[in-house]
Amino acid sequence: SSPSPRHLLSISNLSPTELATLVNNAIAHKNSKLPTTWPLRNGLSNKTIALIFSKRSTRTRVSTEGAVVAMGGHPMFLGKDDIQLGVNESLYDTSVVISSMVSGIVARVGPHSDIANLAKDSSVPVINALCDTYHPMQTIADFATLTQTFSTPAEKLKGLKIAWVGDANNVLFDMCIGARKLGVDMAVATPSGYGIPDKIKQEIDAAGPGTLLETNTPEEAVKGANIIVTDTWISMGQEEEKAKRLQAFSGYQVTEDLARRGGAAEDWRFMHCLPRHPEEVSDEVFYGKRSLVFPEAENRLWSAIATLEAFVVNKGEVKKTEQ
Ligand code: CP
Ligand code: NVA
């Protein structure tokens, strides 16, 4: 293991070119269908990747485990009831010990400081599999989904308009940072009191060109949107706020009618990182012809492969993949 590995804690850690490369690599892997001659087939052979998950996961776990196996490695899933962390052992001790025995760590935690601390003391690359503030693996998959949908490389997504209607959360923050880096325009509608915190706003503004409109009116956000996105109104860890949140977000459901009233592009498409609840998007939209949600979910696998390739196999060097 390298003495100072490169970590992926948020999309902020990537240059615009690196983000575009990861996104394009994800789709290149998807299109290659991983032939037996695939150069990465043994990319992680005889290597263990620790998956430390302190929260539930369907997509992130399945995609990351699958990615490690596709590359010939061994994924070691460590759920919160499996290891001593948080009950009997500190983050520092956990990080030093686990990183001394594996080639990479993929971790899902609560506060961002947990993933930052895990990375600080780890001798191997740490990849953020979601924390309360960021979800970089989701962002890579989301932009991969757009490059696939519009049959264009990530560098050419410039000028696209994404409307986010719902809660300002971890998925949104990394999406906004990524949008800035790729020159994609964002419009974000949240109820008042649920907007983007100032500190994150500054981080987004510093990330590159592209615009960010914030409003409390969903119709205003979706005006001219090519893509409408939402996520749960109650993220993991916010369960106690459920009643209050359901009330605050009423009127924020993504529907055909909202898109029509607000004047979204005629051929607008819908995205959602999942898991989905009916209150944030109607069945008609979620299961309809505009919906990209299932390819978006599958693209988590291809993005996980691209991320592990760059951060573990290539030790933090993000370069165009070989096919
Ligand atoms: N989108 C996503 O991260 O889903 P999981 O929580 O199921 O991993
Ligand atoms: N914002 C959600 C995303 C789940 C993938 C959460 O943090 O729970």
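Going by the structure above, here's the rest.
These figures come from a predicted structure and were not determined experimentally.

Asker: Quick one: what's the story with the packing of helix H1 (residues 16-32) against helix H6 (residues 170-182), residue by residue and with numbers?
Answerer: Between H1 and H6, the least distance of the axes is 9 Å, while the angle of their chain directions is 105 degrees. As judged from the angle between their axes, H1 and H6 are roughly perpendicular. Contact residues: H1 offers Pro-16, Leu-19 and Ala-20, while H6 offers Gly-178, Lys-181 and Leu-182. Taken together, the residues that form the contact of H1 with H6 break down as 4 nonpolar, 1 polar and 1 charged.

Asker: Quick one: what's the story with the packing of aromatic side chains, residue by residue and with numbers?
Answerer: Each aromatic ring pair is characterised by the separation of its centres together with the angle its planes make. One pass over the full model with this rule turns up 8 aromatic pairs. Taken together, a centroid distance of 4.8 Å and an interplanar angle of 90 degrees make the contact between Phe-286 and Tyr-287 edge-to-face. For Phe-286, a relative accessible area of 4% translates into the label buried. On the accessibility criterion, Tyr-287 (54% relative accessible area) is exposed. Every member of this aromatic cluster is reached through a ring pair, and the members are Tyr-194, Trp-233, Phe-249 and Tyr-252. Over the face of the ring belonging to Phe-286 we find Arg-276, whose NZ or CZ atom lies 4.5 Å from the ring centre.

Asker: Help me get a handle on the pattern of salt bridges, residues and values and all.
Answerer: Counting across every chain of the model gives 14 salt bridges. A salt bridge links Glu-65 to Arg-61, with the shortest nitrogen-to-oxygen separation between them at 2.8 Å. Of the two residues, Glu-65 and Arg-61 both sit in helix H2 (residues 59-70), 4 residues apart, roughly one turn of that helix. Judged by its relative accessible area of 31%, Arg-61 is partly exposed. Connected through salt bridges with shared partners, the residues Glu-219, Asp-257, Arg-260 and Arg-261 form a single ionic network.

Asker: An account of a nonpolar patch on the surface is needed here, citing residue identities and associated values.
Answerer: On the surface, a cluster of nonpolar side chains totalling about 390 Å² of accessible area is made up of Tyr-92, Val-96, Val-97 and Met-101. Looking at where Tyr-92 falls in the secondary structure, it is placed in helix H3 (residues 91-99). Overall, Tyr-92 belongs to the partly exposed group, its relative accessible area being 49%.

Asker: Residue-level account of the side chain of Asn-128, with values.
Answerer: Within the element layout of this structure, Asn-128 appears in strand S4 (residues 126-128). A polar contact of 2.9 Å, which involves the side chain of Asn-128, links it to the backbone oxygen of Leu-9. At 3.3 Å, the side chain of Asn-128 and the backbone nitrogen of Cys-131 are in polar contact. Residues contacting Asn-128, with those up to four places away along its chain left out, are Leu-8, Leu-9, Ala-107, Ile-115, Tyr-134, Pro-136 and Met-137.

Asker: Give a description of the site of ligand 2 that names residues and reports values.
Answerer: In the neighbourhood of ligand 2, the contacting residues comprise Leu-130, Asn-169, Asn-170, Val-171, Asp-231, Thr-232, Ser-235, Met-236 and Leu-274. Between a nitrogen atom of ligand 2 and a side-chain N or O atom of Asn-169, the distance comes to 3.3 Å. For ligand 2, the protein covers 95% of the area, taking 270 Å² as the surface of the free molecule.

Criteria and cut-off values
- Residues numbered from 1 in each chain as written.
- Chains lettered and ligands numbered in written order.
- Predicted model: local features only at pLDDT ≥ 70, side-chain atom pairs only at ≥ 80, totals over all residues.
- Heavy atoms only, no water.
- Axes fitted to C-alpha atoms, helices over the stretch in contact; angles between N-to-C directions.
- Helix = DSSP H or I, 4+ residues; strand = E, 2+ residues; numbered from the N terminus.
- Parallel < 35°, antiparallel > 145°, perpendicular 65-115°, else oblique.
- Contact = heavy atoms within 4.5 Å.
- Nonpolar A, V, L, I, M, F, W, Y, C, P; charged D, E, K, R; others polar.
- Phe/Tyr/Trp six-rings, centres within 6.5 Å; stacked < 30°, edge-to-face > 60°.
- Buried < 20%, exposed > 50% of the residue type's maximum accessible area, 1.4 Å probe, protein only.
- Lys NZ or Arg CZ within 6 Å of the ring centre and 35° of its normal.
- Salt bridge = Lys/Arg side-chain N within 4 Å of Asp/Glu carboxyl O.
- Patch = residues over 30% accessible without salt bridge, like charges linked within 9 Å, V, L, I, M, F, W, Y side chains within 5 Å.
- Areas by Shrake-Rupley, 256 points an atom, 1.4 Å probe, with all protein chains shown as cover.
- Polar contact = N/O pair within 3.5 Å; in protein donor to acceptor, adjacent residues only side chain to side chain.
- Near = heavy atom within 4 Å.

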